[in-house]
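Residue-level structural notes
Residue strings, one per chain:
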Amino acid sequence: MSVLIQYKNGVAGIKIPLDDSALRIGRNEDNDICIDDALASREHALVERVKSEQNSNQSDYVVRDLGSTNGTFVNHEQITAHLLVEGDMIRIGQAFFKYSENDHPELEETRIIKKTIIPGIFYTIEKEKE
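Structural notes, computed from the coordinates.

1. Here's the deal with the packing of aromatic side chains
Per the counting criterion, the structure on display carries one aromatic pair. Aromatic side chains tyrosine 61 and tyrosine 99 sit 6.2 Å apart centroid to centroid with 55° between the ring planes, which places their arrangement in the tilted category. Here the residue tyrosine 61 occupies a position in strand β6 (residues 59-65), and tyrosine 99 occupies one in strand β11 (residues 95-100), the gap between them amounting to 38 residues. You can call tyrosine 61 buried: its relative accessible area is 4%.

2. Section: the sheet that holds strand β5 (residues 45-51)
Strands sit in the order β4-β3-β5-β6-β9 across an open sheet of five strands; the sheet is mixed. Each edge of the sheet is formed by a strand with only one pairing partner; in this case those strands are β4 (33-34) and β9 (81-83). In the sheet, strand β3 (residues 23-26) pairs with β5 via three bridges, with the strands oriented antiparallel. Following the sheet pairing, isoleucine 25 is matched in β5 by alanine 45.

3. Examining the environment of histidine 44
Inspection of the secondary structure assignment puts histidine 44 in the loop between β4 and β5. Given a relative accessible area of 0%, histidine 44 falls into the buried group. It is 7.6 Å that separates the C-alpha atoms of histidine 44 and isoleucine 92, two residues lying 48 residues apart in sequence. Among all residues touching histidine 44, those that are not within four sequence positions of it are Ile25, Gly26, Leu39, Arg64, Asp65, Leu66, Ser68, Gly71, Thr72 and Ile92. Within the structure, histidine 44 has its side chain in polar contact with the side chain of threonine 72 (distance 3.3 Å).

4. A word on the pattern of salt bridges
Within this structure, the stated rule accounts for three salt bridges. The salt bridge partner of arginine 49 is aspartate 20, with a shortest N-O separation of 2.4 Å. Here aspartate 20 lies in the loop between β2 (11-17) and β3 and arginine 49 lies in strand β5, a separation of 29 residues in the sequence. With a shortest N-O distance of 3.3 Å, glutamate 43 and arginine 24 are connected by a salt bridge. Of this pair, glutamate 43 sits in the loop between β4 and β5 while arginine 24 sits in strand β3; the two residues are 19 residues apart in sequence, bridging distant segments of the chain. Residue classification places glutamate 43 among the partly exposed positions, given a relative accessible area of 39%. Classification of arginine 24 by relative accessible area gives partly exposed; the value is 31%.

5. Quick notes on the nonpolar core
A general trend in soluble globular proteins is that nonpolar side chains are found buried together. In this structure, Leu4, Ile33, Ile35, Val47, Val63, Ile90 and Phe97 are the most contacted members of the largest nonpolar core, which totals 21 residues. Secondary structure elements with two or more residues in this core: β2, β3, β5, β6, β10 (89-92) and β11. The dominant element in this core, judged by the number of residues it contributes, is β11, at three residues.

6. What to know about the side chain of asparagine 31
As for its placement among the helices and strands, asparagine 31 is situated in the loop between β3 and β4. By relative accessible area, which is 8% here, asparagine 31 ends up buried. At 2.9 Å, the side chain of asparagine 31 and the backbone oxygen of asparagine 28 are in polar contact. Residues contacting asparagine 31, with those up to four places away along its chain left out, are Arg24, Ile25, Gly26, Arg42 and Glu43.

Here is what the cut-offs are and how they apply
Residues numbered from 1 in each chain as written. Predicted model: local features only at pLDDT ≥ 70, side-chain atom pairs only at ≥ 80, totals over all residues. Heavy atoms only, no water. Phe/Tyr/Trp six-rings, centres within 6.5 Å; stacked < 30°, edge-to-face > 60°. Helix = DSSP H or I, 4+ residues; strand = E, 2+ residues; numbered from the N terminus. Buried < 20%, exposed > 50% of the residue type's maximum accessible area, 1.4 Å probe, protein only. Pairing = 2+ DSSP bridges. Contact = heavy atoms within 4.5 Å. Polar contact = N/O pair within 3.5 Å; in protein donor to acceptor, adjacent residues only side chain to side chain. Salt bridge = Lys/Arg side-chain N within 4 Å of Asp/Glu carboxyl O. Core = buried A, V, L, I, M, F, W, Y, C linked by side-chain atoms within 4.5 Å.

Shown next as structure tokens:
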């Protein structure tokens, strides 16, 4: 399963699994990934699954900028749309996400996301060592 791995200060954090549904990223609370960053637009980018051009039985993922003010970057290049490949680093505002085609179970999450009683509000906490 493909995932986006959030990075903060160069350290891997939350893993976000990618599935058939499109994943909306932005500052608005109704996005799938809400970024608390003034440099992120309310509806900044979209990661969506597309049919692979090489193999009809396989799918790929594309990240699309949704007309954001400050742009979406992949590997330090501003994009409007980009076919993601293993290791691509996406930057939206000051948030970084690495695309991986495999879940990498050996990569431990350092933080987990928790819901609050207020709809659309989340917070992160350190993940307990097992």
